[in-house]
Amino acid sequence: MSESPIKVPLLDLKPQYQALAAELDAAVAEVVRSQHFILGPEVECFEHGVASYCGVGHAVGLSSGTDALIVAMMAMGIGEGDEVITTPYTFFGTAGSIVRLGAKPVFVDIEPASFNLDVAKIEAAITPRTRAIAPVHLFGQMAPMKMINRLARDHDLLVIEDAAQAIGAKQNDRPAGSFGHVGCLSFFPTKNLGGFGDGGMLVTDDADYAAIARQLRNHGMEPKYFHPRIGGNFRLDALQAAVLNVKLPHLNSWHEKRRTNAALYRKLFEAAGLARDISQLERSLERGIVLPTEQAGNFHIYNQFIIYAEQRDELMAHLKSNGVGCEIYYPLALHQQECFRLLAYQQGDFPYAERAAAMSLALPIYPDLTPEMIERVVEVIAEFYA
Ligand SMILES: Cc1ncc(COP(=O)(O)O)c(C=O)c1O
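Scoring rules and cut-offs
Residues numbered from 1 in each chain as written. Predicted model: local features only at pLDDT ≥ 70, side-chain atom pairs only at ≥ 80, totals over all residues. Heavy atoms only, no water. Axes fitted to C-alpha atoms, helices over the stretch in contact; angles between N-to-C directions. Helix = DSSP H or I, 4+ residues; strand = E, 2+ residues; numbered from the N terminus. Parallel < 35°, antiparallel > 145°, perpendicular 65-115°, else oblique. Left-handed = near helix turned anticlockwise from the far one by under 90°. Contact = heavy atoms within 4.5 Å. Near = heavy atom within 4 Å. Polar contact = N/O pair within 3.5 Å; in protein donor to acceptor, adjacent residues only side chain to side chain. Areas by Shrake-Rupley, 256 points an atom, 1.4 Å probe, with all protein chains shown as cover. Nonpolar A, V, L, I, M, F, W, Y, C, P; charged D, E, K, R; others polar. Pairing = 2+ DSSP bridges. Buried < 20%, exposed > 50% of the residue type's maximum accessible area, 1.4 Å probe, protein only. Salt bridge = Lys/Arg side-chain N within 4 Å of Asp/Glu carboxyl O. Domains from an automatic or database assignment. Buried area = accessible area lost by both parts, 1.4 Å probe. Core = buried A, V, L, I, M, F, W, Y, C linked by side-chain atoms within 4.5 Å.

Draft legend 1. Region of the structure containing the packing of helix 3 (residues 65-75) against helix 6 (residues 207-216). The interhelical angle for the contact between helix 3 and helix 6, taken along N-to-C directions, is 120°, at an axis separation of 9 Å. Comparing the axis directions of helix 3 and helix 6 gives the class oblique. Classified by chirality, the crossing of helix 6 by helix 3 is right-handed. Between helix 3 and helix 6, the contacting residues are Val71, Met74 and Ala75 on the first element and Tyr209, Ile212, Ala213 and Leu216 on the second.

Now the structure itself:
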């Protein structure tokens, strides 16, 4: 009897846990023993670790990446009547946070090879109401920050980096989160640095924003029971910080494993004759796929490995029926979402974002994949297009 083919999940967090189980369990047990659950030494230690990792002066532990975006914009006083320029091709939280504060997201289409904001189109979207630009470093590769910062300087705008998917990504050797006025991180379990639940952080070189964010995460309270601002409960849990303190020293080695996996995909897809140039997206991919590209000067951390594929939904069904996990990030661009009809965008307004939503597919890339698993993914895709 022939062996059944190996299964390849999109993500499996168990090997990472097993490798660090003794340390992780001890860290959690220590918090439980101390009964110190809210803020405290684990959170402070993690804040120092991330500030240093991201090359910034201050880091404020928060309850999620979404709350980091909310707190960042609250600290900047962004609200009613303000516009924030961002991408229509991202996780909902980026634009959702802008709308929750009463401001308006103004979308600018993506540049198809990187999936990030097309900087050449930003200036035309700036109006007298624009307060900020919120680029997203999607899938683990940074948006072009030098040009975004130059536009922001020229037009007196704030810059909020949504680095939820990009802790440790770099541009010209400078880390994500250190370019803007503030950077927002997420420690959702699927991120390269993931906790045992939700968590987030605001990183900044600006001592004032950091101090305001510290107040806001604790109901705007300082000192105790005196409230100069209206904040909320946006605190990072001590238990999450304890877990993340154990994981942070391993983060660079996990990035490297993801990058090695990406390089192996590239080699195998090219050897199988399946890799197509992005320019072919305008015509036909001729039974091949477009692989993610690394833009000049970028250190991509591959939070996701995203291909463009024709017959994407059929390919996805074929992969799943052969035991290979995959996912669509994201099936709709944000201007196509029902809840954003109030923004009055039309189908066709952001053609590259719409095309990415229709053709993109995430393949497994997590650090503990074996070469055999990657070979299997390529084999199943080759079968589909044969
Ligand atoms: C680009 C982006 N922004 C914001 C978020 C929100 O982060 P969280 O899930 O920690 O709230 C996420 C992640 O889920 C994300 O991928």
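Draft legend 2. The arrangement of the site of the ligand in detail. The ligand sits among 14 residues. The nearest are Gly65, Thr66, Asp162, Ser186 and Lys191. Within the side chain of threonine 66, an N or O atom sits 2.5 Å from an oxygen atom of the ligand. Here lysine 191 contributes a side-chain N or O atom positioned 3.0 Å from an oxygen atom of the ligand. Protein contact buries 93% of the 380 Å² of open area that the ligand shows by itself. Per element, the largest residue contribution to the shell around the ligand is three residues, and it comes from helix 3. The residue inventory of the shell around the ligand, partitioned by class, reads four nonpolar, eight polar and two charged.

Draft legend 3. Representation of the sheet that holds strand 8 (residues 170-171) within the structure. Taken in spatial order, the three strands of this open sheet run 9-8-14, and their pairing is antiparallel. Across the chains shown, the open sheet's two edge strands, defined by having one partner strand only, are strand 9 (174-175) and strand 14 (298-299). As judged from the two bridges shared by strand 8 and strand 9, these two strands associate in the antiparallel manner. If you follow glutamine 171 over to strand 9, its bridge partner there is arginine 174.

Draft legend 4. Quick look at the pairing of strand 11 (residues 200-204). Here strand 11 lies mainly inside the structure; five of its five residues are buried. Going residue by residue along strand 11, you find Gly200, Leu202 and Thr204 tucked away on one face and Met201 and Val203 tucked away on the opposite face as well. Pairing geometry for strand 1 (residues 58-62) and strand 11, over five bridges, is antiparallel. Looking at strand 11, one finds that glycine 61 is bridged to methionine 201. With four bridges joining them, strand 10 (residues 182-186) and strand 11 adopt antiparallel strand pairing. Bridging from a neighbouring strand, serine 186 pairs with glycine 200 of strand 11.

Draft legend 5. Quick look at the pattern of salt bridges. Under the defined criterion, the tally for this structure stands at 10 salt bridges. Here arginine 312 ties to aspartate 313 by a salt bridge, and the two come within 2.6 Å at their closest N and O atoms. Arginine 376 serves as the salt-bridge partner of glutamate 379, at 2.4 Å between the closest nitrogen and oxygen. Placement of the pair is glutamate 379 and arginine 376 together in helix 11 (residues 371-385), with a separation of three residues, close to one helical turn. The buried category is assigned to arginine 376, whose relative accessible area is 8%. Here the salt bridges share partners, and the residues they tie into one network are Glu47, Arg214 and Arg217.

Draft legend 6. Here's a closer look at the domain arrangement of the protein chain. For the protein chain, the assigned domains read domain 1 (14-250) and domain 2 (251-385). Here the C-alpha centre of domain 2 lies 25 Å away from the C-alpha centre of domain 1. Each side of the interface is counted separately: domain 1 has 47 residues, and domain 2 has 38 residues. Of the roughly 3,700 Å² buried at the junction of domain 1 and domain 2 (both faces included), carbon and sulfur atoms supply 60%. Viewed at the interface, domain 2 and domain 1 are joined by zero salt bridges. At the surface where domain 1 touches domain 2, the tally comes to 32 residue pairs in polar contact (both at pLDDT 80 or more). Mapped onto the side of domain 1 that touches domain 2, the elements with two or more residues apiece are helix 1 (14-34), helix 4 (92-100), strand 3 (104-107), strand 4 (110-111) and strand 8.

Draft legend 7. Seen up close, the nonpolar core. Core analysis: the biggest nonpolar cluster contains 52 residues, and Phe46, Val50, Ile122, Ile133, Ile167, Leu185 and Met201 have the highest contact counts within it. Those elements that provide at least two residues to this core are helix 1, helix 2 (41-54), helix 5 (145-155), strand 11, helix 7 (238-247) and helix 8 (251-271). Split by domain, this core shows at least three residues from each of two domains, domain 1 (14-250) and domain 2 (251-385).

Draft legend 8. Here's a closer look at unusual backbone geometry. For the bond running from glutamate 222 to proline 223, omega is -5°, close enough to zero to count as cis. Residue position: proline 223 is located in the loop between helix 6 and helix 7. With an omega of 10°, the peptide bond between tyrosine 329 and tyrosine 330 qualifies as cis. Along the chain, the position of tyrosine 330 falls in the loop between helix 9 (312-321) and helix 10 (351-359). With a phi close to 70°, tyrosine 225 is a non-glycine residue in the positive phi region. With respect to the helices, strands and loops of the structure, tyrosine 225 is situated in the loop between helix 6 and helix 7. Residue classification places tyrosine 225 among the exposed positions, given a relative accessible area of 63%. In the Ramachandran plot, tyrosine 302 falls in the positive-phi region, its phi being about 45° despite a non-glycine side chain.

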